[in-house]
Amino acid sequence: MNAKQAAGYRAAEWVEDGMIVGLGTGSTAYYAIEKIGLRVAEGLKIKAIATSKASEELAAKYDIPLIKSSEVKRLDIAIDGADEVDPDMALIKGGGGALLREKLVAINSDRFIVIADIGKMVARLGQFKLPIEIVPFCYEWTLEQLRNRYDIDFAMRMRDGGLYVTDNGNYIADAAFGSIEFPAQLSHELKMMTGVVDHGLFVDIAQTVVVGYDDGRTEVIEKKN
Ligand SMILES: O=C[C@H](O)[C@H](O)[C@H](O)COP(=O)(O)O
């Protein structure tokens, strides 16, 4: 069992009968979905909302019943990976482009569990390029606005020779902050910018982090109040 699988499988143990579950996206969330799917095959009764088309397909493969947001007001639990996790459980997410749906699901869940291999744990966020989802309309102006505000490199994410398009039809600019001293402040500033839909900083959203190690061990860290 590798570190991602260990974390994903451990977090899947939080899921109980009758829960509405948010399914994350990425190579770590893959294992949580797989384990939840195996438990569904054994009789676990849940309903789920997926944070990407890829995770929807994975859930369908495991016969995890998916529902629409109109059918439920809140989720009991959401389980998702992260690109970086700092000691305050602030995160960078969106390496796989799913940050907007992931944030919507996470903030509307009673408990948000982050699953991360030990390599994701950092003293300070920012080495991983921060994904910023921007609307396609006049995106060059939004990019220019970002470049003028922060003196760092912003690169439009590319895919197959063209601009990468999220499940929501938007683009992503990856921002090389290097070191983010005040994640909450940056999160707020970015949200205020016209043209920016959202970004991959998740501050004060996670309550639990399950860390996976290469030898298959896991460590559960709960947020201190
Ligand atoms: O958009 C993708 C998500 O935020 C992922 O949860 C994040 O990038 C971590 O992905 P992985 O588990 O593949 O490292």
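By the naming in an unreviewed UniProt entry, the chain is Ribose-5-phosphate isomerase A, taken from Paenibacillus haidiansis. For the record of the chain, the UniProt heading Function (unreviewed entry) holds the text "Catalyzes the reversible conversion of ribose-5-phosphate to ribulose 5-phosphate." On record in UniProt, under Sequence similarities (unreviewed entry), the comment for the chain is "Belongs to the ribose 5-phosphate isomerase family."

Let's talk about the domain arrangement of the chain
With domains assigned, the chain is organised as domain 1 (3-121 + 203-222) and domain 2 (130-199). Contacts between the two partners involve 14 residues from domain 1, matched on the other side by 16 residues from domain 2. Regarding the contact of domain 1 and domain 2, the summed buried area is about 1200 Å², with carbon and sulfur atoms giving 57% of it. A per-residue breakdown of the area domain 1 buries against domain 2 is headed by L99, L100 and K103, which together make up 39% of the total. Put simply, domain 1 and domain 2 have one salt bridge between them. The salt bridge partner of D198 is K103, with a shortest N-O separation of 2.7 Å.

Points about the UniProt feature "active site" (unreviewed entry) in the chain
Listed under "active site" (unreviewed entry) in the UniProt record, and renumbered for this structure, are E102. Its place among the elements puts E102 in helix α4 (residues 99-107). With relative accessibility at 4%, the residue E102 sits in the buried group. Apart from residues lying up to four places away in sequence, E102 is in contact with T25, T51, D80, K93, G94 and F202.

Some points on the pattern of salt bridges
Scanning all chains against the criterion turns up 12 salt bridges. A salt bridge links D110 to R74; the shortest N-O distance between them is 2.8 Å. Here R74 lies in the loop between α3 (53-61) and β3 (75-80) and D110 lies in strand β6 (residues 109-117), a separation of 36 residues in the sequence. As a salt-bridge pair, D117 and K120 come within 3.4 Å of each other at their nearest N and O atoms. As far as the burial class goes, D117 and K120 line up, both buried. Connected via shared salt-bridge partners are D80, K93 and E102.

Thoughts on helix α2 (residues 29-41)
Compared with the 18 Å implied by 1.5 Å per residue over 13 residues, the 18 Å span of α2 between its first and last C-alpha is a close match. Where α2 is buried, its residues meet α1 (3-12), β1 (20-23), α3, β3 and β6. The positive-phi residue at the C-terminal boundary of α2 is G43, with phi of around 120°.

Some words on the nonpolar core
Within the largest apolar cluster, 24 residues are counted, with the highest numbers of intra-cluster contacts made by V21, I36, I46, I64 and I79. Counting residues per element, the ones that place at least two in this core are α1, β1, α2, α3, β3 and β6. Among the elements that take part in this core, α2 stands out by supplying four residues, more than any other. If you look at the next biggest cluster of nonpolar residues, it comprises 22 residues, including I134, L143, A175 and V196.

Description of the site of the ligand
Contacts to the ligand come from 17 residues, most closely from S27, T28, D83, G94 and E102. A distance of 2.9 Å separates an oxygen atom of the ligand from a polar atom in the side chain of K93. Taken atom by atom, the bulk of the ligand overlaps the largest pocket. Looking at the shell around the ligand, its residues break down into two nonpolar, nine polar and six charged.

So, the environment of K68
Looking at the element boundaries, K68 is found in the loop between α3 and β3. Accessibility expressed as a relative area gives 58% for K68, which makes it exposed. Sequence separation between K68 and P87 is 19 residues, and the spatial gap between their C-alpha atoms is 34 Å.

Scoring rules and cut-offs
- Residues numbered from 1 in each chain as written.
- Predicted model: local features only at pLDDT ≥ 70, side-chain atom pairs only at ≥ 80, totals over all residues.
- Heavy atoms only, no water.
- UniProt positions renumbered as here; feature names shortened; annotations may be inferred.
- Domains from an automatic or database assignment.
- Contact = heavy atoms within 4.5 Å.
- Buried area = accessible area lost by both parts, 1.4 Å probe.
- Salt bridge = Lys/Arg side-chain N within 4 Å of Asp/Glu carboxyl O.
- Helix = DSSP H or I, 4+ residues; strand = E, 2+ residues; numbered from the N terminus.
- Buried < 20%, exposed > 50% of the residue type's maximum accessible area, 1.4 Å probe, protein only.
- Expected span 1.5 Å × (residues − 1).
- Core = buried A, V, L, I, M, F, W, Y, C linked by side-chain atoms within 4.5 Å.
- Near = heavy atom within 4 Å.
- Polar contact = N/O pair within 3.5 Å; in protein donor to acceptor, adjacent residues only side chain to side chain.
- 1 Å grid on protein atoms, 1.4 Å probe; cavity = no way out; pocket = protein on both sides within 12 Å on 5 of 7 lines; lining within 4 Å.
- Sits in = over half its atoms within 2 Å of the grid points.
- Nonpolar A, V, L, I, M, F, W, Y, C, P; charged D, E, K, R; others polar.

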